[in-house]
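Structure at a glance
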Amino acid sequence: MTRRDDAPLHLNAFLMSVGHHEAAWRLPESPLHRETQVDHYISLAQTAERGKFDSIFFADSPQLYTDIGRRPAGGLEPLTLLSAIAVHTERIGLIATASTSYNSPYNLARRFASIDHISRGRAGWNIVTTAGPNAARNFGLEDQPSHRERYERAAEFLQVAQALWQGWEPEAVLADKATGIWGDNSKVHPADHHGRFYSVAGPLNVQRTPQVYPLLVQAGSSEDGKNLAAQYAEAIFTAHQRIEDAVAFYDDVKARAARHGRDPHQVKVLPGIVPIIGATESEARSKEVQLNRLIRPEYALQQLTQTLRLEPGELSLDQPLPEYLPDEDEIEGSKSRYSLIVSLARRENLTVRELIGRLGGGRGHFTFAGTPEQVADVIEQWFTHGAADGFNIMPPALPSGLEEFVDTVVPILQERGLFRSDYTATTLRGHYGLPVPPFTRPQELSRPRAALAIESTREGH
Ligand SMILES: Cc1cc2nc3c(=O)[nH]c(=O)nc-3n(C[C@H](O)[C@H](O)[C@H](O)COP(=O)(O)O)c2cc1C
């Protein structure tokens, strides 16, 4: 499947404390103690808006995810943060991650509806199922639900959330002072959902929002993840090291969307790139070396050991990965990222130390060091060869990496006619060229589709 030739490039800024590189906080220019300061994030969002980005995005997990010995952690909850950013920006889209495994549909639907109102139609939701048992233990569970069950829940969660968001018809609010009738009760519908995981009466206590519901983004690349995305996602975040893998993924998810009766052009695929930018190629490379030198290998080793489900001591820094590693089928956490890391190490015959260096920038996302022209070339190549509809830009250090990208790479993309010079839309869906969802009666949406998700998974794509 190829991209439509007239489709513009999309850029999303994936923002993370003081940068994606795990050692970015140790750079001399990195500000300290910024991860809990709202003005830091407001300023980053304004920089991305100056660069006419489609959106910004915050990752999240309901657990203390990172070893705090290693890198800044304990930052702000994304939806709360976005409500502050919304009132200090005008046009840029605002995407927050929230877990379907550890939220209830009513509460989360209400929060996203509120953000969509506060931002006047700029909200987006990165739908994740949350990997790892530690989060489960924060919610009264001894272990996480299986990978399969997490995705089945996610499918039903989305059904319920959509029924809630669609519950208010466009003309439900009359606000007619003359007759004294504020709203039309017949135009507000219950969700009336009774499924395998959720029972939700509704209606939602927030009025219909400018976008009806947030832009739906999905970021899991396992079979179940891709099937969920094919049914619901309007944008997909993904990680690939090589253009050929990205093309295969792109074709795969677009074909799955078509099999679900959707227009594949309305599912935007955004792989991640960690651009390390220098005035010359050698300056960019030495920045990368400087960052990688600041990694503390003992922490990175511990993290990799856990990701690969090994025991402490089973990895040694100057050896390749052990011969025996579990299959992706045995992984209950993040399946696709596990496979990406193992195949990168095997393909390039990397030692553990080299692998740690390759993962330090973006945890498996494609890291590229070069001049602004070279970064623009890579983006153009992936975009025109059907590997991407746009990119998740993941600056290694913040704010410097985002400022450099906006000031040096964006103008090149604009000159080449690939990227907008100004916003033409006011909503997040508008930036991505996607239509506002039409009104659909909740009863038509609330059939549980979890069974469908399982069935399509067995197609074996
Ligand atoms: C760009 C990107 C951002 C992600 N952000 C999050 C996140 O914030 N929280 C999370 O739990 N998982 C996040 N993920 C991981 C996936 O959503 C998913 O949970 C994980 O890959 C496991 O799914 P899989 O087994 O289907 O691959 C992200 C993945 C990508 C590619």
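Criteria and thresholds
- Residues numbered from 1 in each chain as written.
- Predicted model: local features only at pLDDT ≥ 70, side-chain atom pairs only at ≥ 80, totals over all residues.
- Heavy atoms only, no water.
- Buried < 20%, exposed > 50% of the residue type's maximum accessible area, 1.4 Å probe, protein only.
- Helix = DSSP H or I, 4+ residues; strand = E, 2+ residues; numbered from the N terminus.
- Pairing = 2+ DSSP bridges.
- Right-handed = clockwise from strand over helix to strand, strands pointing away.
- Axes fitted to C-alpha atoms, helices over the stretch in contact; angles between N-to-C directions.
- Parallel < 35°, antiparallel > 145°, perpendicular 65-115°, else oblique.
- Left-handed = near helix turned anticlockwise from the far one by under 90°.
- Contact = heavy atoms within 4.5 Å.
- Nonpolar A, V, L, I, M, F, W, Y, C, P; charged D, E, K, R; others polar.
- Domains from an automatic or database assignment.
- Buried area = accessible area lost by both parts, 1.4 Å probe.
- Salt bridge = Lys/Arg side-chain N within 4 Å of Asp/Glu carboxyl O.
- Polar contact = N/O pair within 3.5 Å; in protein donor to acceptor, adjacent residues only side chain to side chain.

Now for the pairing of strand β4 (residues 123–128). Judged by how many residues are buried, β4 sits mostly within the fold: six of six residues are covered. The alternating pattern of β4 places Ala123, Trp125 and Ile127 on one face and Gly124, Asn126 and Val128 on the opposite face, and all of these are buried. By the bridge criterion, six bridges tie strand β3 (residues 93–99) to β4 in an arrangement that is parallel. The residue of β4 that forms the bridge with Ala98 is Ile127. Between β3 and its parallel partner β4, the chain crosses via helix α3 (residues 105–118), and the hand of that crossover is right-handed. Inspection of the sheet shows β4 paired to strand β9 (residues 215–218) by four bridges, in the parallel sense.

Another aspect to go through is the packing of helix α12 (residues 372–384) against helix α13 (residues 400–415). For any two helices packed against each other, one specifies the inter-axial angle together with the distance between the axes. Following both chains from N to C, one finds α12 and α13 inclined at 55 degrees, their axes separated by 9 Å at the closest point. As far as their axial angle goes, α13 and α12 are oblique. For the crossing formed where α12 meets α13, the hand is right-handed. Contacts between α12 and α13 involve Pro372, Glu373, Val375, Ala376 and Ile379 from the former and Phe405, Thr408, Val409, Ile412 and Leu413 from the latter. In the contact of α12 with α13, the residues fall into eight nonpolar, one polar and one charged.

Bringing unusual backbone geometry into the picture now. Negative phi characterises most residues that are not glycine, and trans characterises most peptide bonds. Look at the link from Gly202 to Pro203: it is a cis peptide, with omega at -5 degrees. Here Pro203 shows up in the loop between β8 (199–200) and β9. Between Leu398 and the following residue, Pro399, the backbone shows a cis peptide bond with an omega angle of 5 degrees. Along the chain, Pro399 falls in the loop between β13 (390–393) and α13. Even without being a glycine, Arg120 presents a positive backbone phi close to 55 degrees. Along the chain, Arg120 turns up in the loop between α3 and β4. For Arg120, a relative accessible area of 54% translates into the label exposed.

According to the domain assignment, the protein chain consists of domain 1 (10–279 + 368–446) and domain 2 (296–359). A straight line from the C-alpha centre of domain 1 to that of domain 2 covers 28 Å. Across the contact, 17 residues belong to domain 1 and 15 residues belong to domain 2. Taken over both partners, the interface formed by domain 1 and domain 2 buries close to 1400 Å², and the fraction arising from carbon and sulfur atoms is 51%. The three residues of domain 1 that bury the most area against domain 2 are Arg70, His147 and Gln241, which together make up 37% of that side's buried surface. Connecting domain 1 to domain 2 are zero salt bridges. At the boundary of domain 1 and domain 2, one finds four residue pairs in polar contact (both at pLDDT 80 or more).

All right, on to the side chain of Ser101 then. Looking at where Ser101 falls in the secondary structure, it is placed in the loop between β3 and α3. Of note is the side chain of Ser101, whose polar atom sits 2.5 Å from the backbone oxygen of Thr129.

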